[in-house]
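An overview of the molecular structure
Below are the chains, spelled out letter by letter.
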Protein chains: 2
Amino acid sequence: MRIKAIVSYKGTAFYGYQIQTKTKERSVQDEIQKVLSRIFSSDIKIVASGRTDRGVHAINQCFHFDVDKENIDLYKLKHSLNCLLENDIHIKSIERVSEDFHARFSILDKTYQYKINVGEFDVFNDELLFNLNQKLDVELMKEASSYFVGEHSFHNFCSNDEDFIRKINFIEITHTDNLVTININGNGFRRYMVRMIVGTLIEVGLHRFNKERIKELLGEENFRVSFKAPSSGLYLFDINYGENKDD
Amino acid sequence: MRIKAIVSYKGTAFYGYQIQTKTKERSVQDEIQKVLSRIFSSDIKIVASGRTDRGVHAINQCFHFDVDKENIDLYKLKHSLNCLLENDIHIKSIERVSEDFHARFSILDKTYQYKINVGEFDVFNDELLFNLNQKLDVELMKEASSYFVGEHSFHNFCSNDEDFIRKINFIEITHTDNLVTININGNGFRRYMVRMIVGTLIEVGLHRFNKERIKELLGEENFRVSFKAPSSGLYLFDINYGENKDD
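Residues numbered from 1 in each chain as written. Chains lettered and ligands numbered in written order. Predicted model: local features only at pLDDT ≥ 70, side-chain atom pairs only at ≥ 80, totals over all residues. Heavy atoms only, no water.

**A short note on the overall build of chain A**
- For chain A, the count of helices and strands is six helices and ten strands.
- In terms of C-alpha radius of gyration, chain A reaches 19 Å, essentially the compact-globule figure of 18 Å for 247 residues.
- Overall size of chain A, expressed as C-alpha extent along the three principal axes, is 60 × 40 × 40 Å.
- Counting only residues that meet the buried cut, chain A has 57% of its 247 residues in that class.
- Restricting to contacts in chain A with at least 6 residues of sequence separation, those with at least 24 account for 71%.
- Of the roughly 11900 Å² of accessible surface on chain A, 44% is carried by carbon and sulfur atoms.
- Looking at chain A, you have 33 positive and 37 negative side-chain charges, and the mean spots of the two groups are 4 Å apart. (Helix = DSSP H or I, 4+ residues; strand = E, 2+ residues; numbered from the N terminus. Rg over C-alpha atoms; globule rule 2.2 N^0.38 Å. Buried < 20%, exposed > 50% of the residue type's maximum accessible area, 1.4 Å probe, protein only. Contact = heavy atoms within 4.5 Å. Areas by Shrake-Rupley, 256 points an atom, 1.4 Å probe, with all protein chains shown as cover. Lys, Arg positive; Asp, Glu negative; His and termini not counted. Charge placed at Lys NZ, Arg CZ, Asp CG, Glu CD.)

**Observations concerning the layout of surface pockets**
- Looking at the largest pocket, its volume works out to about 1200 Å³.
- Every residue lining the largest pocket is counted, 37 residues in all, and those nearest its centre are K115, N125 and L128 of chain A together with D122 and N125 of chain B.
- Going through the elements one at a time, β5 (109-117) of chain A together with β5 (109-117) of chain B are the ones with two or more residues in the lining of the largest pocket.
- With three residues, the single largest contributor to the lining of the largest pocket is β5 of chain A.
- Broken down by class, the residue content of the lining of the largest pocket amounts to 16 nonpolar, eleven polar and ten charged. (1 Å grid on protein atoms, 1.4 Å probe; cavity = no way out; pocket = protein on both sides within 12 Å on 5 of 7 lines; lining within 4 Å. Points joined across faces, edges and corners; volume = space filled by probe spheres on them. Nonpolar A, V, L, I, M, F, W, Y, C, P; charged D, E, K, R; others polar.)

**Observations concerning helix α3 (residues 138-148) of chain B**
Residue and element names in this part refer to chain B.
- Along α3, the residues classified as buried are V138, M141, A144, S145, Y147 and F148. Seen end-on, α3 carries its buried residues on one side only, within an arc spanning 150 degrees.
- On its buried face, α3 sits against β7 (150-153), β8 (165-176), β9 (179-186), α4 (193-205) and α5 (212-217). (Arc of directions from axis to C-beta.)

**With respect to the interface of chain B and chain A**
- On the chain A side, the residues contacting the 20 residues of chain B number 20 residues.
- Interface area lost by chain B to chain A is led by N87, V123 and F124 of chain B, which between them contribute 40%.
- Close ionic contact of E127 of chain A with K10 of chain B constitutes a salt bridge, the shortest N to O distance being 3.3 Å.
- Our enumeration of links across chain B and chain A arrives at four residue pairs in polar contact (both at pLDDT 80 or more).
- When residues of the side of chain B that touches chain A are traced back to their parent elements, those giving at least two are β1 (2-9), β3 (57-66) and β4 (89-97) of chain B.
- Considered class by class, the residues forming the side of chain B that touches chain A number nine nonpolar, five polar and six charged. (Buried area = accessible area lost by both parts, 1.4 Å probe. Salt bridge = Lys/Arg side-chain N within 4 Å of Asp/Glu carboxyl O. Polar contact = N/O pair within 3.5 Å; in protein donor to acceptor, adjacent residues only side chain to side chain.)

**Some thoughts on the side chain of Q113 of chain A**
Residue and element names in this part refer to chain A.
- Within the secondary structure, Q113 is located in strand β5.
- Using a relative accessible area of 9% as the deciding quantity, one classes Q113 as buried.
- A distance of 3.0 Å separates the side chain of Q113 from the side chain of N183, its partner in a polar contact.
- The residues touching Q113, leaving out its near neighbours within four places in the chain, are I59, T181, I182, N183, G233, L234, Y235 and F237.

**Thoughts on the relation of the copies chain B and chain A**
- The transform that puts chain B on chain A rotates by 180 degrees and translates by 0.0 Å along the axis, for an RMSD of 0.0 Å. Between the two chains, the operation in question is that of a two-fold axis. In terms of C-alpha distance to the rotation axis, chain B has N125 of chain B as its closest residue, with the C-alpha 4.4 Å off the axis.
- The fraction of interface residues of chain B whose copies in chain A are also interface residues reaches 100%, indicating that both copies meet through the same surface. (Least-squares fit on C-alpha atoms with pLDDT ≥ 70 in both.)

**Let's talk about the packing of aromatic side chains**
- A complete count under the given rule lists 16 aromatic pairs over all chains for this structure.
- Summarising the aromatic geometry, the rings of F101 of chain A and Y241 of chain A are spaced 4.8 Å apart at their centres and angled 65 degrees between planes, so their arrangement reads as edge-to-face. Here F101 of chain A is found in the loop between β4 (89-97) and β5, whereas its partner Y241 of chain A is found in the loop between β10 (234-240) and α6 (243-246), with 140 residues between them in sequence. For the pair F101 of chain A and Y241 of chain A, one class covers both residues: buried.
- Taken together, a centroid distance of 5.3 Å and an interplanar angle of 85 degrees make the contact between Y112 of chain B and F189 of chain B edge-to-face. (Phe/Tyr/Trp six-rings, centres within 6.5 Å; stacked < 30°, edge-to-face > 60°.)

This is how it looks when you write it as structure tokens:
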């Protein structure tokens, strides 16, 4: 049977989601696979919605795996997993799904969230947000964010060498107290793409980068922005598999 | 001249506030003294309002120190300190005070804050609160908390061998979403006293300890409660030196 799980993790102490076969650095995938393999006394591989980089967090990462058994107490399985996993990984839900479901290929769209502290340095949440500690022109950032929405070539806003066309469905920016939160939803994201878009929006918000330049850079392939917001503020927020739409 | 500073720190990676001369473990006092001594090129000792234990945080800890100079740019000093200190310590304010001021002896009262997550396990804030993950009967806890208010012998609610009389001025318990927050104000606190009071209130809130027993235990000296809430949820919240009252 195929099992789908939703997991949250604090990325600070991980080298990233993906298993590091050579360096043996700590990874989310490796820790979950080890615990599952212990529980089922057989080698279990998991397939996630995608990777997250070193230091990036996940509020709702999704993965699936297959087991040869048919009668599994999913409540007990979730509890066993959480007892055996370290405190920076937590399985939020677990359910049986059809063999058609695939954590990566079934995705309709994904949402990332980015958190920026524009107030005084926050000693408690330094690993959980970007301690910018400067005021941002959020209205200007909202105007700039609209330029990213739609289907574009994001060559200048990622670190990959090919396959740059992605569609951003929406960017929402909210400002409450000292926290600026940016939600970005799209059909897929290339490496560092969210952090480069956010980094660019921050430069706009600090009046250090002209927002009109964004229009030119979407499509051109001769310039790569050097603004990359730090990993501490980035969260994989949600994966949409369209289940609710099918209801 | 005498300088007063307000500092916040995340206690997770410290052995505690106080310098560990034998073990050389990381302490808040040692890190601040080292940086101040570097800045002033002389041996500076700081005097804090009191110690905090291993893993306990501070939102507004206060300390004072003396320097032989008279003309110091306090804005620059604060900035230099924050540049040289690690990201889990942050100097929030710095000001010149009269020689009469003493960070420990001038205290009128102190407030500690304790944070309990009564919702789902929170992977992100595990170092910043107590992940109880069970519902609490907050109304019953409020009733129980009133028994602690006033002057009592706290022998059964601390780990010290003498000097147990302290006065609790108020205990405020608030419950919003999944967070229960307890603020305790008093004229002084013995070792583990806040954590033992909170631990007892949690046992009451879980219906595992009869609140009427608290009345008996305040004053008796033949029983010590074994409930000690973990350090991760505890914050030194505020120190009152009566400055505002003098205005």
